[in-house]
Amino acid sequence: MKELRRNMRIVGTLVVVAFLVLSGFFALTVFEQGSIWASNSHNTRLSVSKVQRGDITDRDGVVMATTVDGQRVYASDTATRRALAVTLGDTSGMSGTGIEGVYSSHLLDLSDSFAGRIKSLVSGAPRVGSSVQLTVDSELTAAIASRFPAGYRGAVVVMNYKTGEILAFVSKPDYDPYDAGTDRVEDTAYLNRCLQGRYTPGSVFKIVTLASALQNDPGVVGQTFLCSGSWNYENGSIVCAGQNSHGNIDLQTAFARSCNVTFGKLAYQLGFSRLRATAEQLGFNENLKFDDFAVYNSAFPTVQNNTSELVWAGIGQGTVLVTPMHMALITSAVANNGVMMEPLLVRRIEGTSGNVVRQGISRENRRLFSEPVAQTIAAYMYGAVQNGTATRAKIDGYTVCGKTGSAETSNDKNVETNAWFTGFIYDEAHPYAAAAVVEQGGAGSRTATELSAFALQAALYFVG
Amino acid sequence: MNRKIQRMRQALRRSNTRLLLTAVMLFQFTSMLLTAFRGSGISLQCVALAFALPAVTFVTVTGLSKIWPIDRAILILVLLLLSVGIITLSAITKSEITPRTQAVYSLGGLGAMTFGIWFVQNWRGWKKWQWWLAGLCVLALFAPWVIGRWHYGARNWIQLGGISVQPSEFMKPVMIAVLAAGFSNRPRFLKTLPTIAFAAVCCGILLSQRDLGAVLLYFLTTVFMFYAATSNGALTIAGLGMGCVAAVLAYRALPYVQDRIAIWINPWTDPQDRGYQLVQSLIAIGSGGMFGMGLGLGSPRNVPLYHSDFIFASVAEEFGLIFAVCLLAVYVLIILRGLIVAMNARTSFHSLAAFGIVVLLGLQTMLIVGGNTKLLPLTGVTMPLVSYGGSSMVSTLFSMGILLGISAGNARDEARDIDILETREDML
């Protein structure tokens with residue numbers, strides 16, 4: 001009997017512990033994911049919910065989405081509506097990143113206070129969800145979207161590098177939120193390419209290579225490189241765009257003219273582990289989860305298979321991938337003396353009684369570069385705009401810094417390169433940064449740079 | 001002697017269950033009343049239940065503990081679970097017939113429980129009857145193949161004069177009795193073989209009827225009871241290993257098992273069709289949040305089988321996460337009290353029987369709660385004492401009756417011990 005009791009104690013403890021683990025797990029998952037489950041599009045409670053969805057407004061208070069007679073209403077102008085759908089998403093939950101989906105627990109007040117429920121119970125008035133104010137500017141977004149080369153795919157991010165506020169997300173193709181869930185929506189239109197599009201960076205990655213070189217060997221600034229249009233390393237060769245021979249050039253000129261040979265040599269000189277360390281310090285191979293949204297992983301190779309991989313990684317080719325948002329963040333850190341701000345998309349969430357549920361507060365996220373490194377990169381980017389590949393980014397009366405990129409995505413030379421630009425306005429009062437990619441848009445110095453210059457000018461015009 | 005038992009009873013009555021009883025009755029009254037006023041009119045049935053539930057609870061607890069020195073805490077908690085079921089059903093079902101039927105089932109179940117309490121204290125012939133019971137069990141489990149019908153992809157129901165019953169539910173206490181008899185008095189391994197064979201036959205029949213949940217419960221209960229009785233760790237592990245092998249084989253061979261696992265791993269890939277049940281369950285739980293949508297609010301009816309297999313999701317939506325966790329805590333308390341009963345029992349048969357009942361209750365609750373919340377693959381078992389359904393209700397309450405009867409026997413034995421000790425002291 002004694003043994004029986006002991007065994008029972010063992011099994012009993014096992015059962016009870018299993019129970020506790022189960023309860024704990026259950027509570028934890030519900031606590032963490034409950035609102036995600038509840039805001040799922042298959043929750044018919046949302047559509048039949050007596051709670052009226054709250055409004056979504058832009059930074060100036062312009063209403064971008066509201067509810068009229070139980071119907072969700074977006075901008076009346078089709079182009080504006082489509083442009084904003086990237087940011088806002090739709091009520092049928094097709095977009096994975098849209099505010100309507102991600103913040104539906106606020107918009108519908110699923111997590112609402114007990115008091116609010118009692119109040120509506122007493123007054124009999126329908127409950128209205130919290131309203132969400134974003135940091136984006138609706139006019140700016142629409143303007144950039146209308147300027148985006150017709151028929152092309154790609155993305156533009158505009159942000160304030162001093163505060164971290166996102167001013168515009170543009171992603172093409174876009175879709176009409178009224179069509180969400182139907183087959184009128186183009187393939188991949190539900191993606192927000194700013195956050196979810198992983199692109200080969202091409203020459204915009206030279207910012208990272210440059211940062212690594214500056215960090216590891218400050219003397220590199222004075223070094224000159226010989227570019228004869230191509231360079232044969234151990235088991236391959238690298239060429240400059242159009243077989244241009246840049247001759248004997250220093251690092252700054254090489255950056256301004258986007259000399260592949262120099263940066264291939266630079267990467268080779270640095271070695272794989274140092275380049276990789278810098279890339280990872282800047283957030284490559286990392287889940288960038290911010291409070292307001294998450295960015296898909298940018299990728300840098302984790303093992304080096306051959307010299308080719310290292311040399312091509314130095315100019316952002318090969319298996320290197322980056323999202324436009326991440327590029328904008330790196331550029332913002334360059335502009336902001338090396339400090340990356342926490343990106344903000346939600347300015348404030350306000351309950352119906354005017355109580356502030358959540359307030360976006362500017363704060364530092366982390367330091368990406370040391371101050372001198374950031375300043376040197378900024379100066380080099382200024383050079384690229386003044387007398388390099390990015391001259392089309394000039395804006396009268398402002399100091400613009402930038403870097404272009406033309407990323408090869410195919411071995412077939414007939415496939416146009418992806419056009420890239422990333423840059424910022426160097427101005428205390430107008431601290432705007434932009435990153436743009438146009439898929440198969442040709443040379444970055446043309447399409448992407450013009451688009452970004454327009455975006456920055458529009459930001460000056462609309463945001464002030 | 002009689003005086004001593006009297007004293008024991010008084011001591012039991014003094015034990016602090018009065019507060020618990022009051023709290024449970026208050027909960028039953030208020031939540032039932034709340035449900036009564038949820039719609040446009042007043043639901044008379046709910047008002048009636050608001051008075052009937054506490055009344056029945058009070059009468060059952062005081063009455064039964066007057067007759068037998070049973071463990072009152074277990075009884076009160078069991079009654080609490082019963083009323084949670086009835087309250088939830090009253091709040092969420094469309095028709096009033098479902099909660100009314102459940103109330104009738106519960107009354108029937110309380111009858112079965114009373115019978116169980118009486119039966120286990122007066123029945124001495126368990127060793128003699130073991131194989132008769134085993135035969136009955138096998139025959140009953142086999143019955144659906146002869147007079148049964150398919151029901152939600154399993155053939156585990158039979159029609160008996162207009163009412164359909166689930167033999168696998170009713171045979172649970174019988175199986176535990178057979179196992180307890182077979183495993184009692186520290187048998188050698190060879191002596192347990194017929195009993196193990198019996199359990200294997202039961203599992204085989206249930207598997208052929210695709211009642212996966214019941215297979216799992218019968219199997220695990222057998223393994224745990226075997227371990228407790230023989231303390232043969234190696235064989236127990238081997239048994240569990242065989243179970244795992246069988247599970248893998250079943251996964252390979254049976255497409256519906258693969259289906260279940262696939263849905264469990266990611267229900268969101270097919271939220272409209274195959275994953276519908278689980279996705280809706282998770283959505284319901286998520287919508288409930290911490291404090292729930294409120295009794296009678298929300299729409300738990302979106303979840304298929306919201307009243308039986310998925311009642312936990314309904315409870316979580318109506319009452320919220322905190323209450324749901326507390327509900328699980330109630331099960332834990334019953335299990336703990338039950339284990340104490342098992343450990344205090346004087347014969348290994350009674351001890352093992354109580355143990356089996358407790359383990360089965362715990363496993364079944366875990367299976368269905370895990371299934372509802374996507375922590376375990378879904379198996380169609382009921383949530384004991386809460387889910388809608390007569391077979392499960394009556395059978396579980398009968399088991400609880402046996403547990404309570406054993407607890408009463410323990411109390412009486414302890415009283416006798418005290419008595420003997422005192423007599424001895426007097427003589428010295």
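Calculation notes
Residues numbered from 1 in each chain as written. Chains lettered and ligands numbered in written order. Predicted model: local features only at pLDDT ≥ 70, side-chain atom pairs only at ≥ 80, totals over all residues. Helix = DSSP H or I, 4+ residues; strand = E, 2+ residues; numbered from the N terminus. Buried ≥ 20, exposed ≤ 12 C-beta atoms within 10 Å, placed from the backbone. Contact = placed C-beta atoms within 7 Å. Nonpolar A, V, L, I, M, F, W, Y, C, P; charged D, E, K, R; others polar. Pairing = 2+ DSSP bridges. Axes fitted to C-alpha atoms, helices over the stretch in contact; angles between N-to-C directions. Parallel < 35°, antiparallel > 145°, perpendicular 65-115°, else oblique. Left-handed = near helix turned anticlockwise from the far one by under 90°. Arc of directions from axis to C-beta. pLDDT = per-residue confidence, 0-100.

A. Quick peek at the overall build of chain A. Scanning chain A from N- to C-terminus turns up 16 helices and 19 strands. Of all 464 residues assigned to chain A, the portion counted as buried reaches 54%. Contacts in chain A between residues at least 24 apart in sequence constitute 67% of all its contacts with a sequence separation of at least 6.

B. Local environment of the overall build of chain B. Along chain B, the regular secondary structure elements total 16 helices and three strands. By residue count, 52% of the 428 residues in chain B fall in the buried class.

C. Broad picture of the interface of chain B and chain A. Contacts between chain B and chain A engage 37 residues on the former and 31 residues on the latter. Every element with two or more residues in the side of chain B that touches chain A is listed here: α9 (212-230), α12 (276-288), α14 (321-344) and α15 (348-372) of chain B. Considering each element in turn, the side of chain B that touches chain A owes the most residues, 10 residues, to α14(B). Split by residue class, the side of chain B that touches chain A holds 25 nonpolar, 12 polar and no charged.

D. Fine view of the pairing of strand β14 (residues 346-350) of chain A. Residue and element names in this part refer to chain A. Within β14, four of the five residues are buried, which leaves the element mostly enclosed by the surrounding structure. Note that strand β4 (residues 131-134) and β14 share four bridges and pair antiparallel. When the sheet's bridge partners are listed, Leu134 is paired in β14 with Val346. Across three bridges, the pairing between β14 and strand β15 (residues 356-359) is antiparallel. By the bridge assignment, Glu350 is partnered in β15 with Val356. Between β14 and β15, which follow one another and run antiparallel, lie five residues, and Gly354 among them has a positive phi close to 85°.

E. Expanded view of the packing of α9(B) against α15(B). All names here are of chain B. The contact between α9 and α15 brings their axes to 9 Å, and the two run at 140°. The angle between α9 and α15 falls in the class oblique. Considering only the axes of α9 and α15, their crossing is right-handed. Where α9 abuts α15, its residues Gly213, Leu216, Leu217, Leu220, Thr221, Phe224, Met225, Ala228 and Ala229 lie against Leu352, Phe355, Gly356, Val359, Leu360, Leu363, Gln364 and Leu367.

F. The arrangement of helix α11 (residues 260-270) of chain A in detail. Residue and element names in this part refer to chain A. Among the 11 residues in α11, nine count as buried, and that is most of the element. When we look at burial in α11, the residues that qualify are Asn260, Val261, Thr262, Phe263, Gly264, Lys265, Leu266, Ala267 and Leu270. Remark: Gly271 follows α11 within two positions and exhibits a positive phi of approximately 90°.

G. Structural detail: the sheet that holds strand β17 (residues 400-407) of chain A. Residues and elements named next belong to chain A. Pairing in this open sheet of five strands is antiparallel, and the strands run β6-β5-β19-β18-β17 from one edge to the other. Each edge of the open sheet carries a strand with a single partner, namely β6 (166-172) and β17. Pairwise comparison of adjacent strand axes, ignoring direction, gives a mean angle of 5° for this sheet. Pairing analysis gives six bridges linking strand β18 (residues 418-425) to strand β19 (residues 432-438), with the strands arranged antiparallel. Within β19, the residue paired with Trp420 across the bridge is Val437. Sheet contacts for helix α7 (residues 138-147): β5 (154-160) and β6; angle to β6, the most-contacted strand, approximately 35°. Strands in contact with helix α15 (residues 371-387) are β17 and β18; relative to β17, the strand with the most contacts, it is inclined by about 75°.

H. Examining helix α12 (residues 272-281) of chain A more closely. Residue and element names in this part refer to chain A. Where α12 is concerned, the buried positions are Phe272, Leu275, Arg276, Thr278 and Ala279. Here the buried residues of α12 occupy an arc of 160° about the axis, which is enough to place them on one side. Phi turns positive one or two residues past the end of α12, at Gly283, with a value near 105°.

I. Just unusual backbone geometry, in detail. Residue and element names in this part refer to chain A. Across the junction of Lys172 and Pro173, the peptide omega takes the value 0°, indicating a cis bond. Within the element layout of this structure, Pro173 appears in the loop between β6 and α8 (193-196). One non-glycine residue, Thr188, lies in the positive phi region at around 60°. Its location among the elements puts Thr188 in the loop between β6 and α8.

J. Local environment of the environment of A:Gly236. All names here are of chain A. Looking at the secondary structure, you find Gly236 in strand β9 (residues 236-239). With 14 C-beta atoms counted inside 10 Å, the residue Gly236 sits in the partly exposed group. Taking the C-alpha atoms as reference points, Gly236 and Ser308, 72 residues apart in sequence, are found 6.5 Å from one another.

K. Looking closely at the confidence of the model for chain B. Here chain B shows a mean pLDDT of 86. Residues at 70 or above account for 93%. Scored as a complex, the prediction yields pTM 0.63 and ipTM 0.82.

L. Focus on the packing of α7(A) against helix α16 (residues 447-462) of chain A. Residues and elements named next belong to chain A. Closest axis-to-axis distance for the α7/α16 pair is 10 Å, and the angle between their directions is 155°. In terms of orientation, α7 and α16 fall into the roughly antiparallel class. In this structure, the crossing between α7 and α16 has a hand that is right-handed. For the pair formed by α7 and α16, the contact residues are Glu139, Leu140, Ala143, Ile144 and Arg147 on the first element and Leu451, Phe454, Ala455, Ala458, Ala459 and Phe462 on the second. When the residues that make up the contact of α7 with α16 are grouped by side-chain class, the tally is nine nonpolar, no polar and two charged.

M. Inspection of the sheet that holds strand β1 (residues 56-57) of chain A at higher detail. Residue and element names in this part refer to chain A. Spatially, six strands are ordered β3-β2-β1-β4-β14-β15 in an open sheet, and the strand pairing comes out mixed. Every interior strand has two partners, whereas the edge strands, β3 (71-74) and β15, have only one. Pairing geometry for β1 and β4, over two bridges, is parallel. Across the sheet, Thr57 pairs through a bridge with Gln133, a residue of β4. Against the sheet, helix α3 (residues 78-88) touches β1, β2 (63-68), β3 and β4, its axis set at about 85° to β2.

N. Just the pairing of β2(A), in detail. Residue and element names in this part refer to chain A. With two bridges connecting them, β1 and β2 associate as antiparallel partners. Its bridge partner being in β2, Thr57 is matched across the sheet by Val63. In sequence, β1 turns back onto β2 through a hairpin of five residues, with Gly61 there showing a positive phi of about 90°. Pairing of β2 with β3, which is carried by four bridges, proceeds in the antiparallel orientation. Note that in β3 the partner of Ala65 across the bridge is Tyr74. Counting the residues between successive antiparallel strands, the hairpin from β2 to β3 contains two residues, one of them, Asp69, with a positive phi of roughly 50°.

O. Fine view of the environment of B:Ile406. Residues and elements named next belong to chain B. Relative to the assigned elements, Ile406 resides in helix α16 (residues 390-427). Classification of Ile406 as buried rests on a count of 30 C-beta atoms within 10 Å. Here the alpha-carbon distance between Ile406 and Val120, two residues 286 residues apart in the chain, equals 6.8 Å. Discounting residues that sit within four places of it in the chain, Ile406 has contacts with Val120, Val341, Ala345, His350, Ala353 and Ala354.

P. Representation of the environment of A:Asn336 in the model. Residues and elements named next belong to chain A. The residue Asn336 is located in the loop between α14 (324-335) and β13 (339-341) in this model. We classify Asn336 as buried; it has 24 C-beta atoms within 10 Å. Spatially, the C-alpha atom of Asn336 lies 9.9 Å from that of Glu428, the residues being 92 residues apart in sequence. In this structure Asn336 touches Tyr161, Lys162 and Met341, once residues within four positions along its chain are discounted.

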